[in-house]
Amino acid sequence: MTTAADRLAGQRPPSPPQGPTALPELPPEVVAEWQASGGPLVELLTRARELGPLSAFTLGPRRTVLVTGPEQVQHVLGQHNDGYVKQSHRAGVLLGDGVISAAGEPWRQQRKLLQSQFTQIGLRRWEQRIADAARRTERRWAELARTGEATDVAGDMQFFALDTIWRTLTGLPLDERTHHELDNINVVVATLSALTATAPADSARVEQALAQIDATCARAITTAREQSRDGLAPEQTGLLHLLLEAARTRPEYTDRLIRDELVNLLVAGHETTAKTLAWLFLRLEQNPEVRTRAVAVCRSGSETERREMINALINETLRLHPAVWLIPRHAAVDDTLDGFHVEAGSHVLVCPYLTHRDPELWPAPEQFDPWRFIEPGRRPTRQGSFYPFGLGARACLGQQFSFREMVALLELLLPSYGLLYRELPSSTFFGVVMCPDGPMRAEVRGLSDPPPTPGE
Ligand code: HEM
């Protein structure tokens, strides 16, 4: 029988939702121990990750939230990017107000201008330059195979990626002088902390490097301006000419902002691709069975099979070694994330490196197994499990571009050359970009019985 009390209970409003709970937090003594050890940040983050897909710790005055779970990553980068913003970029000293560090309306306008050049159609314009840069590196390896001289594989990848982006920006191949001057970008990047915008240790050296970068950019801008004035065929123009064109009607595109955009595209567009290629060659060396199988496909598979294989090699490399291994944000407002409270003002670290090595998402995560990206059902279906190019509105502008250039080079090198290493790095440097810590010296060997070239 229903009593009056039961009837009342039925009418009762549902109990209010539980408020957000505090995030699981690393004890301060663990943080202090890590600080005293002088170990890399990734060690502290790996400890924090053990607490779950969302965790927190306090580092100095800052409360830091670590985000590694797929859904939580989606929330921060994909769905709430207005609440989790970029702030005081780690590389601000180098990037100025360029598209990587800009925010709000200026960023939206800057991104819109560049975006059209990186779509499927926009990219067609750069195909030839990518192909020319790839052939240049291939010619170098052919020559090295002939002479037996050793090379630094990571250095060659750096040159290739810089040559590609330089051709795309200016329409010109990278010359020795500019190459030497732009090495200063690496000088500055190497001093930047993965975590915060701190003053570089050797500020005099950094100042000097920045002055040289500025001078190189100023020269490139002057040359492009003169070329535009003299009239240049569209196939000879680069992104820099597009920026100069924009400056005619948009006063915000001062020479300073054009310099910043140029540097942003140079930085974003070469370090990341170069390090990914270096990691890929290193992984092939460490996994001879994978190398033998993959090279066989590249030498004798159909075009589809070759493409599929190379794409899988790149993806598996990006899974284990996402060049941008840490994506920092600033919580601009209070938020509830997966039932936990994230305070406004928190420092938020989204970490593809740890997501990509989560055994619940990626079985045997430490194994270099490109076939995960080929064989059906072997990839996690949860969105946010794989994001080497970031996610959401601020995801990488150059994702397709970098794939094109990596595929173009690997299609030439993998079927035709083997490497005999003389020196290999044994550790990883976790800076703004994660990279093999040391030279990769190798002799280049032409593989016997090269496959016939098309048309032969
Ligand atoms: C393997 C190569 C690459 C990787 C792994 C990579 C990764 C990333 C990631 C993770 C972000 C997002 C950062 C964030 O959300 O804070 C990003 C942004 C960006 N990337 Fe890439 N990138 C690569 C190549 C390139 C190339 C080749 C270009 C240009 C040609 C490029 C241009 C940019 C730009 C301009 C942004 C900033 C976008 C914005 O804030 O609106 N990237 N990249």
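Right above here is the structure, for reference.
Residues numbered from 1 in each chain as written. Predicted model: local features only at pLDDT ≥ 70, side-chain atom pairs only at ≥ 80, totals over all residues. Heavy atoms only, no water.

Caption draft 1: Structural context of unusual backbone geometry. Of note in the backbone geometry, Asp 338 takes a positive phi value of approximately 55° without being a glycine. One can find Asp 338 in the loop between β6 (335-337) and β7 (340-342). Positive phi, normally seen in glycine, also occurs at Ala 364, with a value near 45°. Along the chain, the position of Ala 364 falls in the loop between α16 (352-355) and α17 (399-413). (Helix = DSSP H or I, 4+ residues; strand = E, 2+ residues; numbered from the N terminus.)

Caption draft 2: Main features of the packing of aromatic side chains. For the coordinates displayed, the defined rule picks out ten aromatic pairs. Seen from their ring centres, Trp 141 and Phe 281 are 5.6 Å apart, and the 55° between their planes marks the pair as tilted. Of this pair, Trp 141 sits in helix α8 (residues 127-147) while Phe 281 sits in helix α13 (residues 255-286); the two residues are 140 residues apart in sequence, bridging distant segments of the chain. Pair check on accessibility: Trp 141 and Phe 281 agree, each one buried. Considering the side-chain rings of Tyr 353 and Phe 430, the 5.2 Å spacing of their centres and the 80° angle between planes classify their relative orientation as edge-to-face. Highlighted residues: Tyr 353 in helix α16 and Phe 430 in strand β10 (residues 428-430), separated in sequence by 77 residues. Neither Tyr 353 nor Phe 430 differs from the other in exposure class; each is buried. Sitting over the face of the ring of Trp 371, Arg 293 holds its NZ or CZ atom 3.7 Å from the ring centroid. (Phe/Tyr/Trp six-rings, centres within 6.5 Å; stacked < 30°, edge-to-face > 60°. Buried < 20%, exposed > 50% of the residue type's maximum accessible area, 1.4 Å probe, protein only. Lys NZ or Arg CZ within 6 Å of the ring centre and 35° of its normal.)

Caption draft 3: Examining the coordination of the iron atom of the ligand more closely. Of the protein atoms, Cys 396 (SG) alone serves as a donor to the iron atom of the ligand, at 2.3 Å. On the secondary structure map, Cys 396 appears in the loop between α16 and α17. (Donors = N, O, S within 2.8 Å, 3.2 Å for Na, K, Ca; no water.)

Caption draft 4: Fine view of the environment of Val 93. Position of Val 93 among the secondary structure elements: in helix α5 (residues 92-95). Owing to a relative accessible area of 41%, Val 93 belongs among the partly exposed residues under this scheme. Spatially, the C-alpha atoms of Val 93 and Leu 192 are 9.4 Å apart, while their sequence positions differ by 99 residues. Leaving out residues up to four positions away in the same chain, Val 93 has contacts with Leu 192 and Leu 210. (Contact = heavy atoms within 4.5 Å.)

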